[in-house]
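# A closer look at the structure
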Amino acid sequence: MDALVKEFLEKVTLRNPHEPEFLQAVQEVAETIIPYLEENPKYKKAKILDRMVEPERVLMFRVPWLNDRNEVEVNRGFRVQMNSAIGPYKGGLRFHPSVNLSILKFLAFEQVLKNSLTGLPMGGGKGGSDFDPKGKSDGEIMKFCQSFMTELYRHVGADIDVPAGDIGVGSREVGFLFGQYKRIKGEFTGVLTGKGTSWGGSLIRPEATGYGVVYFAEDMLQTRAETLAGKTVVVSGSGNVAQYTVERCLQAGAKVVTLSDSEGFIYDPAGIDAEKLAYVMTLKNEQRGRIREYAEKYGCEFFAGQKPWNIKCDVAFPNATQNELDEEDARTLVGNGCICVAEGANMPSTPEAIHVFTEAKILYAPGKASNAGGVAVSGLEMSQNSLRISWNREEVNSKLREIMKDIHRICVEYGTEADGYINYEKGANIGGFVKVADAMLAQGIV
Ligand code: NDP
């Protein structure tokens, strides 16, 4: 089996030599899917996995704009339309200086399996730009978004490709992107999700990824007759996903003691309560400040340039970015008694870290399963737009809860090993793969 995986990965590496993140994501999937293909030769014969690692289309374009000093700036825009076997392409836009084709292809590839797991009819895609929103005025953000959409509009649409937010793209950016699309096309459609609730957005969409990852962790804990109540929780990041992870953890009676950003992390042993969380939301979403200001305000410690994984905890939520948790971090977490790691970010744990978690047989959920709540509610936003109705908070939240439960059930179905250990990674990969693969088989060689 190892030889088959190796042979496949060599082939993919040869075709994509400069794309380490994409190759990492493919390897993670290939290791669990290739044994499954051996048991199910119809997929192997139709070269489904070979086709899935090749995007249906990659768009790359120039994004010129004028900064506040009237100087010309040039960024690079991308949209990776990975797989449309089960629905229109769907996946976020990321604005961050690190963005390149490798990162977007890894995200788009993961998105295909994630969207399939939600049970909703959504294909997979991802896009973005190497534009850095940090330190930019609202006017500059608007000019950039307008230029970006002036090219992207010809490739997206409510039944074609429906982008949303991701790192660096929140409600402000989605608003500017939507406004420009509407102006160019002269039509009001559900071309983006994460819209404001007064203009087509869904309630619970801002909360969805953070709430969803905690719901998933609660389902995992339940398999060991545990709950979040009274548990100490470590969270990385302080953006959208991290904020609503904290909110839901508080509702579940857990104590969250860390948050981070790209400069370091804060450790608040007393716990981040509702009032402190409200401060973080204002600090990050309105003032666009740094997490170290939390430490100054509440008199706790700020650890510059460090990640929170050496803080003793029961449950960890890596919610910032890819590869933020390595083998040593994983050993520290396990050594400190952590029993559950649920990923809010995409691919935050390195392959070596995942190996440590599964060897130790702690509960570990890959992002494609545990952070699917965001895209799930985006799918519900698309349904509401098509029906021209809005569901209330309770309706959306209960649908989100059901979808997360269902993803957990699929992971248990495909991922339970002989000794009873639930390998969520295997379960998510196979569970996500089967639906897409069957659709690809039915649709012929396209
Ligand atoms: P935000 O932009 O709201 O927040 C990102 C957070 O991560 C910030 O605290 C940011 O710090 C930190 N961060 C970003 N890049 C780095 C880096 N290179 N090193 C250290 N810290 C970093 O993004 P989201 O909360 O939306 O996204 C977080 C993760 O969740 C991403 O992996 C995203 O793909 C994933 N995700 C998001 C979904 C959503 O619905 N938003 C859905 C599913 C997954 P700083 O401010 O200093 O940059």
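In what follows, the structure referred to is the one given above.
Now for a quick tour of the structure. Here the structure is a predicted model, which is why all the values come from computation and not from measurement.

Let's shift gears to the pairing of strand S8 (residues 258–261). What you see with S8 is no split at all: Thr258 and Ser260 on one side and Leu259 and Asp261 on the other are buried throughout. With four bridges joining them, S8 and strand S9 (residues 264–267) adopt antiparallel strand pairing. Bridge pairing links Ser260 to Phe265 in S9. The antiparallel hairpin formed by S8 and S9 contains two residues in its connecting segment.

Let's shift gears to the packing of helix H12 (residues 327–335) against helix H13 (residues 351–359). The geometry of H12 relative to H13 is characterised by a closest axis approach of 7 Å and an angle of 25° between their N-to-C directions. By the angle between their axes, H12 is roughly parallel relative to H13. For the element pair H12 and H13, the recorded crossing hand is right-handed. Residue-level inspection shows Glu327, Ala330, Arg331, Leu333 and Val334 of H12 in contact with H13, the latter providing Glu352, Ala353, Val356 and Phe357. Counted by class, the contact of H12 with H13 contains six nonpolar, no polar and three charged residues.

Not every one of the 25 residues close to the ligand is listed here, only the nearest: Asp166, Thr209, Ser262, Arg290 and Asn346. In the model, an oxygen atom of the ligand is placed 2.9 Å from a nitrogen or oxygen of the Asn240 main chain. In the environment of the ligand, an oxygen atom lies 3.4 Å from a nitrogen or oxygen atom belonging to the backbone of Gly344. Put simply, the parts of the chain that give the shell around the ligand at least two residues each are helix H8 (205–222), helix H9 (240–251) and S8.

Cut-offs and rules
Residues numbered from 1 in each chain as written. Predicted model: local features only at pLDDT ≥ 70, side-chain atom pairs only at ≥ 80, totals over all residues. Heavy atoms only, no water. Buried < 20%, exposed > 50% of the residue type's maximum accessible area, 1.4 Å probe, protein only. Helix = DSSP H or I, 4+ residues; strand = E, 2+ residues; numbered from the N terminus. Pairing = 2+ DSSP bridges. Axes fitted to C-alpha atoms, helices over the stretch in contact; angles between N-to-C directions. Parallel < 35°, antiparallel > 145°, perpendicular 65-115°, else oblique. Left-handed = near helix turned anticlockwise from the far one by under 90°. Contact = heavy atoms within 4.5 Å. Nonpolar A, V, L, I, M, F, W, Y, C, P; charged D, E, K, R; others polar. Near = heavy atom within 4 Å. Polar contact = N/O pair within 3.5 Å; in protein donor to acceptor, adjacent residues only side chain to side chain.

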